[in-house]
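Report on the structure
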Amino acid sequence: MGEWLLLVRDENLQHIGVIEDDYALEAVERHLGLGAWKVEVAADGPGAELLRAGAGILLVDSATGETLVSGPTRPQETQHSVDGYTLAVSGVTDTALLGRLCWPRPAQDIPDTGATQDDAYYVVAGVAETVMLTLVDVNAGPSARAERQVPGLVVPASQDRGPVIESKTRFDNLLDTLWGIGAVAGLGVRVVQQGTDLVVDVYEPVDRSDEVRFGMGLGNLAEYTYSLTPPEVTDIVVGVGGEGQARVFYRFLRRDPLWPGLVREEFVDRRDVDPSLSPGDDGYVDPEAAALASADERFAEAGGKASVTFVPIDTDAVRWGRDYWLGDVVTAETEIGPVTDVIREVRYTRSAEDGQRIEPAIGEPQDTPAIYKRVAKLRRDVDQLQTRR
């Protein structure tokens, strides 16, 4: 990977200049998530003047011309210190521009005087990539209503990747919908500026864990940090059907070898399954299979997590952007053993002390807000209740 160029753009996505004086940078791009960036320059230099005049940035690899990160500017701040003062400019990645709603009938107007929508849901079926691009196109792209179009957004032709799915949306958040489809279909999606276009980039992660490995002994790992999170649950009791003493209970154990002696018990309610039914009866569900499936789902959600952030060294054999990318599965050799997982984010940093660095991170983020886990559990409980209606 070559030296980076930090370009500044205006409101029309035109390049108005390159930051040539010294700057500090931190930019994060996330797989199935929203990235962000921050740039700091001397407040009295030409770089500050350019950033004040601009409306966004592009971080470009000079060797390939590829844009690594791009995004609009958010509020600026000036920081004073004994060494002088700096201008800090920050923003989100251009993927945030897809923060739209999926209207039931995207072509129909919704005025402030009120109106109905002729369709209850917007339904589209096909291969996952086509569905994703269609949702973008009709809600934010060239096929959207004029006032809802993202200026400069280019929706490329589908490459027909992913399984066949059906999407049914009604005022759902477009980004959440795309990320949900991507998680199921094994695809990623982001928006990045190429030239003067904002291009919707759908990519297909690959399992490269066998051929893309990082380790001190392999000579392609400068440093790494890892963190471990203990499992939330190790023992699950599932209650099936009935009331009181008539209920049937199943117990499942998944002890974590990294946390010997840790026992955390939890109860899972599956009263929607009736153990008194027999195969062939309406509504019959194998109670043992249902209990095991519920336990497996909870163990997968609440198991121990390992997260590794590492600084790779580009070699002829393995280079970021050429041989592995966001969403790919790779392996990092650590003192706790090999960790194989998805590259969930990459952090680009630049400073006077360390120069430019690329820091991919694999595994589950350790700072995932607990509210998301509670919401996931609530959705699961609601789904189980709905099966009883």
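Turning next to helix 3 (residues 174-185). Given a rise of 1.5 Å per residue, 12 residues ought to cover 16 Å, and the 16 Å separating the end C-alpha atoms of helix 3 matches this to within 8%. Within helix 3 the residues assigned to the buried category are L174, L175, T177, L178, W179, I181, G182 and A185. Those residues of helix 3 hidden inside the fold are in contact with strand 8 (101-102), helix 2 (128-139), strand 11 (164-169), strand 12 (172-173) and strand 13 (188-194). Sitting at the amino-terminal end of helix 3 is N173, which places a side-chain oxygen 2.9 Å from the backbone nitrogen of L175. In the stretch just after helix 3, G186 is the one whose phi turns positive, near 75 degrees.

What follows is about the pattern of salt bridges. Applying the stated rule across the entire model yields 30 salt bridges. Put simply, E223 and R357 hold a salt bridge, and the shortest N to O gap is 3.3 Å. With a gap of 134 residues between them, E223 in strand 16 (residues 221-229) and R357 in strand 23 (residues 355-363) connect regions that are remote in the sequence. Owing to a relative accessible area of 19%, R357 belongs among the buried residues under this scheme.

Counting 39 residues, the largest nonpolar core has L51 and Y348 as the members making the most contacts within it. Ranked by residues supplied to this core, first place goes to strand 22 (residues 337-351) with four residues. Formed by 28 residues, the second largest nonpolar core is a distinct cluster that contains V138, L153, L178 and L187.

Secondary-structure assignment places T334 in strand 21 (residues 329-334). Here T334 falls in the buried class, since its relative accessible area comes to 11%. Setting aside residues up to four positions removed in sequence, T334 forms contacts with Y224, V308 and V339.

Let us look at the packing of aromatic side chains. Under the criterion given, the structure shown has six aromatic pairs. Judged by centre distance (4.8 Å) and plane angle (40 degrees), the rings of F214 and F310 are tilted. In this pair, F214 is assigned in strand 15 (residues 213-214) and F310 in strand 20 (residues 305-312), connecting sequence segments 96 residues apart. Neither residue differs from the other here; F214 and F310 are each classed as buried. Ring pairs connect the aromatic residues F214, F310, W320, Y324 and W325, which therefore count as one cluster. Directly above the aromatic system of W103 lies the positively charged group of R148, at a separation of 4.1 Å from the ring centroid. The side chain of K168 reaches across the aromatic face of Y121, ending 4.4 Å from its centre.

What follows covers the environment of E345. By the secondary structure assignment, E345 is in strand 22. Each C-alpha atom, one on E345 and one on E49, is 31 Å from the other, the two residues being 296 residues apart in sequence. Beyond its immediate sequence surroundings of up to four residues, E345 is in contact with V28, E29, R30, L326, E359, P360 and A361. Side-chain polar atoms of E345 contact the side chain of R30, separated by 3.2 Å. Side chain to side chain, E345 and R347 meet in a polar contact 3.3 Å long.

On to the packing of helix 2 against helix 3, then. For the pair helix 2 and helix 3, interaxial distance at closest approach is 10 Å and the crossing angle is 175 degrees. Judged on the interaxial angle alone, helix 3 and helix 2 are roughly antiparallel. Where helix 2 approaches helix 3, its residues A128, V131, M132, L135, V136 and N139 are matched on the opposing element by L174, T177, L178, I181, G182 and A185. In terms of residue class, the contact of helix 2 with helix 3 is made up of nine nonpolar, three polar and no charged.

Before going further, it helps to examine the layout of surface pockets. Considered as a void within the structure, the second largest pocket measures approximately 220 Å³ in volume. What lines the second largest pocket is a set of 15 residues, among which R9, E11, L13, P151 and L198 lie closest to the centre. Residues belonging to the lining of the second largest pocket are distributed by class as follows: seven nonpolar, three polar and five charged.

Conventions used here
Residues numbered from 1 in each chain as written. Predicted model: local features only at pLDDT ≥ 70, side-chain atom pairs only at ≥ 80, totals over all residues. Heavy atoms only, no water. Helix = DSSP H or I, 4+ residues; strand = E, 2+ residues; numbered from the N terminus. Expected span 1.5 Å × (residues − 1). Buried < 20%, exposed > 50% of the residue type's maximum accessible area, 1.4 Å probe, protein only. Contact = heavy atoms within 4.5 Å. Polar contact = N/O pair within 3.5 Å; in protein donor to acceptor, adjacent residues only side chain to side chain. Salt bridge = Lys/Arg side-chain N within 4 Å of Asp/Glu carboxyl O. Core = buried A, V, L, I, M, F, W, Y, C linked by side-chain atoms within 4.5 Å. Phe/Tyr/Trp six-rings, centres within 6.5 Å; stacked < 30°, edge-to-face > 60°. Lys NZ or Arg CZ within 6 Å of the ring centre and 35° of its normal. Axes fitted to C-alpha atoms, helices over the stretch in contact; angles between N-to-C directions. Parallel < 35°, antiparallel > 145°, perpendicular 65-115°, else oblique. Nonpolar A, V, L, I, M, F, W, Y, C, P; charged D, E, K, R; others polar. 1 Å grid on protein atoms, 1.4 Å probe; cavity = no way out; pocket = protein on both sides within 12 Å on 5 of 7 lines; lining within 4 Å. Points joined across faces, edges and corners; volume = space filled by probe spheres on them.

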